[in-house]
There are 2 protein chains.
Amino acid sequence: MQALMMDRPLTLPTILEYAAQYHPHQEVVTRTVEGPIHRYGYAEALARVKRMAKALLALGVKPGDRVATLAWSTHRHFELYFAVTGIGAVLHTINPRLHPDQVAWVANHAEDAVLLFDITFAGLVAEIGPRLATVKTLVAMTDAAHAPAEVPGALIYEDLLAAQTPDFDWPQVDERSASGLCYTSGTTGNPKGVLYGHRSTVLHALALSLPDAFAFSARDVLLPCAQMFHANAWCTPYAAPLVGAKLVLPGRSLDGPSVCELILQEAVTFVLGVPTIWVGVADHLDQTGQAIDTIRTVAVGGSAPTAALISRIEQRLGGEVRQIWGMTEMSPLGVVNTPLPAHAAEDGQARLQRKLKQGRGLWGVDMRIVGEDGAELPRDGKSPGALQVRGPWVASAYFKHEGAQAFTDDGWFDTGDIATLDPEGYLRLTDRAKDVIKSGGEWISTLDLEDAVCSHPAVAMAAAVGVPHPKWDERPLLLVVLRPGQTADPEVLKAHVAERVAKWWTPDEVRIVAELPIGPTGKVLKRELRDALPEALAVAVVQPAG
Amino acid sequence: MQALMMDRPLTLPTILEYAAQYHPHQEVVTRTVEGPIHRYGYAEALARVKRMAKALLALGVKPGDRVATLAWSTHRHFELYFAVTGIGAVLHTINPRLHPDQVAWVANHAEDAVLLFDITFAGLVAEIGPRLATVKTLVAMTDAAHAPAEVPGALIYEDLLAAQTPDFDWPQVDERSASGLCYTSGTTGNPKGVLYGHRSTVLHALALSLPDAFAFSARDVLLPCAQMFHANAWCTPYAAPLVGAKLVLPGRSLDGPSVCELILQEAVTFVLGVPTIWVGVADHLDQTGQAIDTIRTVAVGGSAPTAALISRIEQRLGGEVRQIWGMTEMSPLGVVNTPLPAHAAEDGQARLQRKLKQGRGLWGVDMRIVGEDGAELPRDGKSPGALQVRGPWVASAYFKHEGAQAFTDDGWFDTGDIATLDPEGYLRLTDRAKDVIKSGGEWISTLDLEDAVCSHPAVAMAAAVGVPHPKWDERPLLLVVLRPGQTADPEVLKAHVAERVAKWWTPDEVRIVAELPIGPTGKVLKRELRDALPEALAVAVVQPAG
């Protein structure tokens with residue numbers, strides 16, 4: 001028997017229509033690529049979105065067409081989030097930090113019809129332009145005064161808008177239609193595309209806004225310090241208008257001074273980003289002595305923060321650190337580290353230890369831990385295995401059905417992470433499957449080793465990698481970057497780690513290095529480290545000046 | 001182009017499966033019909049739900065069958081919320097406060113196959129049993145020790161459970177399948193059935209839990225003081241396990257002492273209910289001097305609270321009053337009165353005035369105000385008209401497609417309410433369309449008149465009705481019930497009202513009466529008042545002893 005409830009599709013334009021009607025003056029604030037701060041309300045944003053939707057239709061964009069961006073977090077990118085998806089086309093947010101060859105590769109693989117780009121990337125577009133096989137139209141996301149000379153044939157975003165009126169009714173779009181395409185920076189093989197949909201994104205935005213996730217309300221001011229080409233900036237450009245929150249878009253600048261300036265000027269209540277962002281912010285606050293008192297939550301994800309960093313963020317930025325774990329394939333929400341009622345009584349040390357877990361399961365994301373034999377492992381906090389997930393905002397396949405081995409026959413996505421689940425439902429990552437160190441037949445958690453050494457005050461960051469060993473197959477090597485102006489004896493650091501992990505986990509060697517290779521999503525490229533072992537690393541060993 | 005995201009259906013068993021896995025020991029606490037307090041965790045609840053699902057299948061219940069309840073808010077009713085819906089059948093929650101003829105009528109209209117009843121209603125079931133045309137099975141929701149003698153053929157709930165094991169996999173259910181059936185106590189014509197679905201209920205539970213609605217988290221303790229036959233107790237039995245909140249079910253007892261006892265014993269953080277519940281609670285707290293310090297939010301709906309009552313609730317219960325407006329046809333969430341950022345600076349009086357509005361629009365519920373000519377009216381807070389709504393948890397039709405005139409040709413539901421929407425998006429009801437007083441061609445808001453007189457300290461409740469007038473067509477008459485032990489001169493009350501409303505709204509007469517007729521959902525039956533005018537009312541005029 002069918003229910004007799006209205007069959008309203010869950011589509012993305014409904015979100016901005018809501019915000020424009022009920023929060024017309026709530027602001028979207030942008031640090032523009034051109035320089036100045038730009039601000040407008042959701043009503044004005046919607047009017048511009050509708051003009052851009054008509055402009056895209058006038059350019060011949062059809063439902064299902066891929067429309068690509070090479071762009072920072074700005075109001076124009078925000079407008080494309082709705083204009084492109086609202087007409088049934090697919091917004092392909094390319095990560096401009098990829099190698100130019102990879103940028104061209106993903107644009108061709110996606111068969112992008114249109115490419116819109118920030119003027120920052122005019123040189124890149126000029127370079128790869130001749131190699132773009134399917135792109136028919138280039139649009140510079142700026143006004144005529146800033147038209148980039150490098151791409152003389154590019155149309156100008158503001159000119160396209162100016163040619164249209166804002167009267168527009170959204171076409172009917174099936175909620176299961178594709179809305180977004182985001183390639184994962186695969187560390188093995190070619191990048192793979194995740195094809196988001198209207199339904200999955202709306203459900204994800206609702207779940208993300210719940211009190212035990214990010215708790216977004218109309219009284220919030222959100223500053224996503226993840227770029228809009230990283231899993232839709234963790235979906236905040238959709239969640240903010242859904243709840244009527246103010247949205248602050250940082251443009252290209254995620255350095256400490258720029259982020260601090262926005263937090264202070266806009267009275268930001270919620271920030272999110274990878275750990276390195278908050279190191280920069282805390283460093284800047286240390287230097288300037290500025291005080292921040294508006295932030296309620298700092299969501300940290302992308303990679304695991306150390307205990308020392310969590311404490312430092314809470315002291316310098318205020319508010320509470322909520323660790324999140326997610327993936328491009330998960331829209332990206334997986335788990336969020338929120339306390340249970342039982343944690344109300346925990347002391348400072350217990351609280352910090354709890355916050356080191358990636359987070360607790362929320363409705364909508366099923367999780368299981370699977371052993372090497374494929375059987376589900378107990379949720380005892382002690383049995384690491386392959387983490388597999390399932391839910392309405394989890395990818396069912398990659399674009400063009402590549403990488404099918406990541407999807408199990410019984411309908412789960414294998415994350416490639418090794419993790420434990422504890423009886424309280426908290427997830428703890430122990431490794432990426434490909435980064436695992438297996439010593440004497442047992443796994444050693446590289447994350448635990450890195451966390452242990454990073455709790456030393458002289459250490460800025462660290463990476464543990466496995467090196468071949470004649471008896472144990474592999475043994476851990478711990479590479480360490482010191483904080484500016486600090487010195488440390490490797491043997492002291494080794495002893496520091498030995499006090500904090502199982503005896504047989506203690507690395508055979510701790511090496512101090514000048515820097516670690518960082519990939520386009522801000523993570524340490526361990527494959528590159530392993531490939532470089534042992535020759536290059538031996539060269540890289542330097543002791544920074546004290 | 002189809003998205004490549006998992007097509008996980010939004011079904012109700014996923015909610016309890018989540019709670020059992022991630023919040024296995026979080027409690028559902030019940031004041032049982034038999035007397036004692038019952039408590040268990042979500043894991044045990046799920047095990048019992050699965051046994052009941054198997055028992056229902058063993059009784060021959062098929063997908064789409066209607067399974068009815070005559071039951072209070074208890075753990076067994078909670079179990080049926082999931083067991084019945086989980087096997088694809090439809091839970092028909094009958095309001096036992098209806099006249100026995102109406103109970104039989106709705107059971108026959110729904111073509112219920114099974115009727116489960118609390119022992120409180122054994123006499124009622126015995127009385128109407130012979131008239132139930134389709135019910136094949138009667139189940140008493142109790143154990144063998146409390147088997148009701150009045151219904152000798154009834155099966156016993158606990159015996160049915162005991163005969164089953166908890167190993168059970170839920171069948172696949174389409175998310176658009178019907179899950180619940182709830183009849184509105186229509187004040188005109190026969191009751192009409194609202195046929196909820198899995199999808200609509202899951203989406204509604206998500207929206208209800210958002211920070212700007214009820215802000216439910218795993219750290220909450222919810223006590224719904226709306227019975228589970230009233231629009232699913234405002235959906236809290238689904239929202240609580242979705243977020244892992246503790247759920248306290250008050251059984252049949254919603255009197256002040258019973259509710260206060262549960263709040264104090266269970267450290268309740270969130271309560272909801274109609275205004276009269278909170279009068280009883282506040283009276284009890286006045287008498288006992290007990291202090292409550294755990295409540296963060298008191299959600300008040302069903303009818304509009306007066307300013308005096310809002311203040312009294314916040315003083316006596318603590319926390320903040322959030323008015324809600326909704327309808328059975330809306331699952332029931334329509335609007336919730338949460339503040340905007342601009343309201344942070346409002347003073348006490350402004351805050352109170354804002355809280356008298358029914359609430360602000362949230363994503364998922366479209367609203368419009370329509371004039372008598374069918375054209376949309378401005379959102380200026382001054383133009384009353386017919387309130388029409390639309391959204392994924394709003395009914396598209398009544399069961400068996402009766403009452404079709406409430407659904408517009410362009411896909412909206414006409415609520416039967418007269419309301420304004422202001423520029424900030426707040427809804428203010430001025431009347432039920434059928435209760436409107438039209439004087440000299442203009443509407444007079446009965447709610448405003450009632451609110452004005454209820455701000456007088458001697459007044460407990462009031463009802464404004466229109467009486468025929470030779471010149472103005474209708475003029476308002478204000479009927480007033482005084483608080484216990486209070487006296488008041490009707491002319492003084494009239495002057496009190498005159499100071500607070502437009503001059504021509506001032507009622508021609510204020511009459512003090514001993515009581516007002518209250519319907520099965522706790523609302524004043526104005527039609528009955530109008531029918532009784534003028535003869536019966538003249539008799540009812542009494543002055544309570546001072």
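Our subject is the structure that appears above.
A brief structural summary. Note that the coordinates shown come from a computational prediction; the quantities given were computed from them, not determined experimentally.

### Notes on the overall build of chain A
- For chain A, the count of helices and strands is 17 helices and 25 strands.
- For 546 residues, the compact-globule estimate of 2.2 N^0.38 gives 24 Å, and the C-alpha radius of gyration of chain A, at 23 Å, lies within 12% of that figure.
- Projected onto its principal axes, the C-alpha coordinates of chain A cover approximately 70 × 65 × 45 Å.
- When each of the 546 residues of chain A is scored for burial, the buried share is 61%.
- Considering only contacts within chain A whose residues lie at least 6 apart along the sequence, 68% involve residues at least 24 apart.
- As presented, chain A carries roughly 19400 Å² of accessible surface, and 53% of it is formed by carbon and sulfur atoms.
- Side chains of chain A carry 48 positive and 62 negative charges; the gap between the two charge centres is 2 Å.

### Here we look at the packing of aromatic side chains
- Per the stated rule, a full pass over the model turns up 30 aromatic pairs over all chains.
- On the numbers, 6.3 Å between centres and 40° between planes, the contact of Tyr 42 of chain B with Phe 78 of chain B is tilted. With Tyr 42 of chain B in helix H2 (residues 42-58) and Phe 78 of chain B in helix H3 (residues 75-86), this pair connects stretches of sequence that are 36 residues apart. Exposure class is identical for Tyr 42 of chain B and Phe 78 of chain B. Each is buried.
- In this structure an aromatic cluster arises from ring pairing among Tyr 42, Phe 78, Tyr 81, Phe 82 and Tyr 238 of chain A.

### Some thoughts on the pattern of salt bridges
- With the rule as written, the count across this model stands at 82 salt bridges over all chains.
- When the shortest N-O distance is used, the salt bridge between Lys 357 of chain A and Asp 422 of chain A registers 2.9 Å. Of the two residues, Lys 357 of chain A sits in the loop between helix H13 (348-355) and strand S16 (359-361) while Asp 422 of chain A sits in the loop between strand S19 (413-421) and strand S20 (426-432), which places them 65 residues apart along the sequence.
- Connected through salt bridges with shared partners, the residues Asp 7, Glu 175, Arg 176 and Arg 199 of chain A together with Asp 7, Glu 175, Arg 176 and Arg 199 of chain B form a single ionic network.

### So, the environment of Ala 226 of chain B
Residue and element names in this part refer to chain B.
- Considering the arrangement of structural elements, one finds Ala 226 in the loop between strand S10 (221-224) and helix H8 (231-234).
- Remark: the alpha-carbon pair of Ala 226 and Asp 286, spanning 60 residues in sequence, is separated by 23 Å.
- Non-local contacts of Ala 226, meaning those with residues more than four positions away in its chain, are made with Ser 73, Ala 233, Trp 234 and Leu 272.

### A short note on helix H7 (residues 198-208) of chain B
- Most of H7 of chain B is tucked away, with 11 of its 11 residues classed as buried.
- Within H7 of chain B the residues assigned to the buried category are His 198, Arg 199, Ser 200, Thr 201, Val 202, Leu 203, His 204, Ala 205, Leu 206, Ala 207 and Leu 208 of chain B.

### Details of the relation of the copies chain B and chain A
- Overlaying chain B with chain A gives an RMSD of 0.1 Å, the required rotation being 180° about an axis along which the chain moves by 0.0 Å. In the structure described here, the two chain copies are related by an operation that fits a two-fold rotation axis. Looking at the rotation axis and the C-alpha trace of chain B, the residue lying nearest is Leu 210 of chain B, at 2.5 Å.
- When the interface residues of chain B are mapped onto chain A, 100% of them again lie at the interface, so the same face is used by both copies.

### Considerations on the pairing of strand S23 (residues 459-469) of chain A
Residue and element names in this part refer to chain A.
- Here 10 bridges tie S23 to strand S24 (residues 473-482), and the two strands are oriented antiparallel to one another. Within S24, the residue paired with Ala 463 across the bridge is Leu 479.
- The turn joining S23 and S24, which pair antiparallel and follow one another in sequence, is formed by three residues.

### Focus on the packing of helix H1 (residues 13-22) of chain A against helix H9 (residues 236-243) of chain A
All names here are of chain A.
- The interhelical angle for the contact between H1 and H9, taken along N-to-C directions, is 40°, at an axis separation of 7 Å. Considering their axes alone, H1 and H9 lie oblique with respect to each other. Like other packed secondary-structure pairs, H1 and H9 cross with a definite hand, here left-handed. Along its contact with H1, which presents Ile 15, Leu 16, Tyr 18 and Ala 19, the element H9 presents Tyr 238, Pro 241 and Leu 242.

### Observations regarding the packing of H3 of chain B against helix H9 (residues 236-243) of chain B
Residues and elements named next belong to chain B.
- The N-to-C vectors of H3 and H9 enclose an angle of 85°; their axes lie 10 Å apart at closest approach. Between H3 and H9, the angle is such that the two are roughly perpendicular. Within the contact between the two elements, H3 uses Phe 78, Tyr 81, Phe 82 and Thr 85 and H9 uses Pro 237, Tyr 238 and Pro 241.
- In terms of residue class, the contact of H3 with H9 is built from six nonpolar, one polar and no charged.

### Observations regarding the interface of chain B and chain A
- In this assembly, 77 residues from chain B lie in contact with 77 residues from chain A.
- Of the roughly 6000 Å² buried at the junction of chain B and chain A (both faces included), carbon and sulfur atoms supply 60%.
- Remark: the boundary between chain B and chain A carries eight salt bridges.
- Residue Arg 199 of chain A is joined to Glu 175 of chain B by a salt bridge in which the shortest nitrogen-to-oxygen separation is 2.7 Å.
- Joining chain B to chain A, the criterion identifies 32 residue pairs in polar contact (both at pLDDT 80 or more).
- Taken together, the elements giving at least two residues each to the side of chain B that touches chain A come down to helix H1 (13-22), strand S9 (192-197), H7, H9, strand S16 (359-361), strand S17 (366-370), strand S18 (385-390) and strand S19 (413-421) of chain B.

### What about the sheet that holds strand S25 (residues 509-512) of chain B?
Residue and element names in this part refer to chain B.
- On the basis of which strands lie adjacent, the open sheet formed by three strands has the order S23-S24-S25 and mixed pairing. In this open sheet, the two strands that pair with only one neighbour each are strand S23 (459-469) and S25. When strand polarity is set aside, the average angle formed by the axes of neighbouring strands in this sheet is 25°.
- Pairing between strand S24 (residues 473-482) and S25: four bridges, direction parallel. For Leu 477, the partnering residue across the bridge sits in S25 and is Glu 509.
- Lying over the sheet, helix H14 (residues 446-454) contacts S23 and S24, oriented at roughly 140° with respect to S23.
- Of the strands in this sheet, S23, S24 and S25 are in contact with helix H15 (residues 490-498), which crosses S25 at around 130°.

### Some details on the nonpolar core
- Formed by 263 residues in total, the largest nonpolar core has its most connected members in Phe 78 and Phe 214 of chain A together with Phe 78 and Phe 214 of chain B.
- The contacts of Phe 214 of chain A, once residues within four sequence positions are left out, are Leu 208, Trp 234, Phe 270, Leu 272, Arg 296, Ala 299, Ile 324 and Val 336 of chain A.
- Judged by nonpolar contacts, the second largest core, of 29 residues, contains Val 248, Val 274, Trp 278 and Leu 285 of chain B.

### Focus on the sheet that holds strand S5 (residues 112-117) of chain B
Residue and element names in this part refer to chain B.
- Ordered by their spatial adjacency, seven strands build an open sheet running S7-S6-S5-S3-S4-S8-S9, and the pairing between neighbours is mixed. The outermost strands of the open sheet, each flanked by one partner alone, are strand S7 (155-156) and S9.
- For S5 and strand S6 (residues 137-140), the ladder comprises four bridges, and the chain directions are parallel. Paired with Val 114 across the two strands is Thr 137, which belongs to S6.
- Sheet strands touched by H3: strand S3 (66-70), strand S4 (90-93), S5 and strand S8 (178-184). Its angle to S4, the strand with the most contacts, is close to 145°.
- Together, S3, S4, S5 and S8 form the strand contacts of helix H4 (residues 100-110), whose direction differs from that of S8 by roughly 145°.

### Some words on helix H12 (residues 307-317) of chain A
Residues and elements named next belong to chain A.
- Listed in full, the buried residues belonging to H12 are Ala 307, Leu 309, Ile 310, Arg 312, Ile 313 and Leu 317.
- Looking at the packing, one finds that the buried side of H12 touches strand S12 (270-273), helix H11 (275-288), strand S13 (297-300), strand S14 (320-326), H13 and helix H14 (446-454).
- Following H12 by one or two positions, Gly 318 adopts a phi angle in the positive range, close to 80°.

### Side note on the side chain of Arg 322 of chain B
- Along the polypeptide, Arg 322 of chain B turns up in strand S14 (residues 320-326).
- Given a relative accessible area of 8%, Arg 322 of chain B falls into the buried group.
- When sequence neighbours within four positions are dropped, the list of residues in contact with Arg 322 of chain B reads Arg 219 of chain A together with Pro 211, Asp 212, Ala 213, Thr 297, Val 298, Ala 299, Val 300, Val 336, Asn 337 and Thr 338 of chain B.

### Examining unusual backbone geometry
- With omega at 10°, the peptide bond leading from Ser 331 of chain A into Pro 332 of chain A counts as cis.
- Along the chain, Pro 332 of chain A turns up in the loop between S14 and strand S15 (333-336).
- Residue Asn 232 of chain A is not a glycine yet carries a positive backbone phi of 55°.
- Relative to the assigned elements, Asn 232 of chain A resides in helix H8 (residues 231-234).
- Here Cys 235 of chain B, not a glycine, exhibits a phi torsion of approximately 75°, which is positive.
- Here Cys 235 of chain B shows up in the loop between H8 and H9.
- Among the residues examined, Cys 235 of chain B registers a relative accessible area of 1% and is labelled buried.

Here is what the cut-offs are and how they apply
Residues numbered from 1 in each chain as written. Chains lettered and ligands numbered in written order. Predicted model: local features only at pLDDT ≥ 70, side-chain atom pairs only at ≥ 80, totals over all residues. Heavy atoms only, no water. Helix = DSSP H or I, 4+ residues; strand = E, 2+ residues; numbered from the N terminus. Rg over C-alpha atoms; globule rule 2.2 N^0.38 Å. Buried < 20%, exposed > 50% of the residue type's maximum accessible area, 1.4 Å probe, protein only. Contact = heavy atoms within 4.5 Å. Areas by Shrake-Rupley, 256 points an atom, 1.4 Å probe, with all protein chains shown as cover. Lys, Arg positive; Asp, Glu negative; His and termini not counted. Charge placed at Lys NZ, Arg CZ, Asp CG, Glu CD. Phe/Tyr/Trp six-rings, centres within 6.5 Å; stacked < 30°, edge-to-face > 60°. Salt bridge = Lys/Arg side-chain N within 4 Å of Asp/Glu carboxyl O. Least-squares fit on C-alpha atoms with pLDDT ≥ 70 in both. Pairing = 2+ DSSP bridges. Axes fitted to C-alpha atoms, helices over the stretch in contact; angles between N-to-C directions. Parallel < 35°, antiparallel > 145°, perpendicular 65-115°, else oblique. Left-handed = near helix turned anticlockwise from the far one by under 90°. Nonpolar A, V, L, I, M, F, W, Y, C, P; charged D, E, K, R; others polar. Buried area = accessible area lost by both parts, 1.4 Å probe. Polar contact = N/O pair within 3.5 Å; in protein donor to acceptor, adjacent residues only side chain to side chain. Core = buried A, V, L, I, M, F, W, Y, C linked by side-chain atoms within 4.5 Å.

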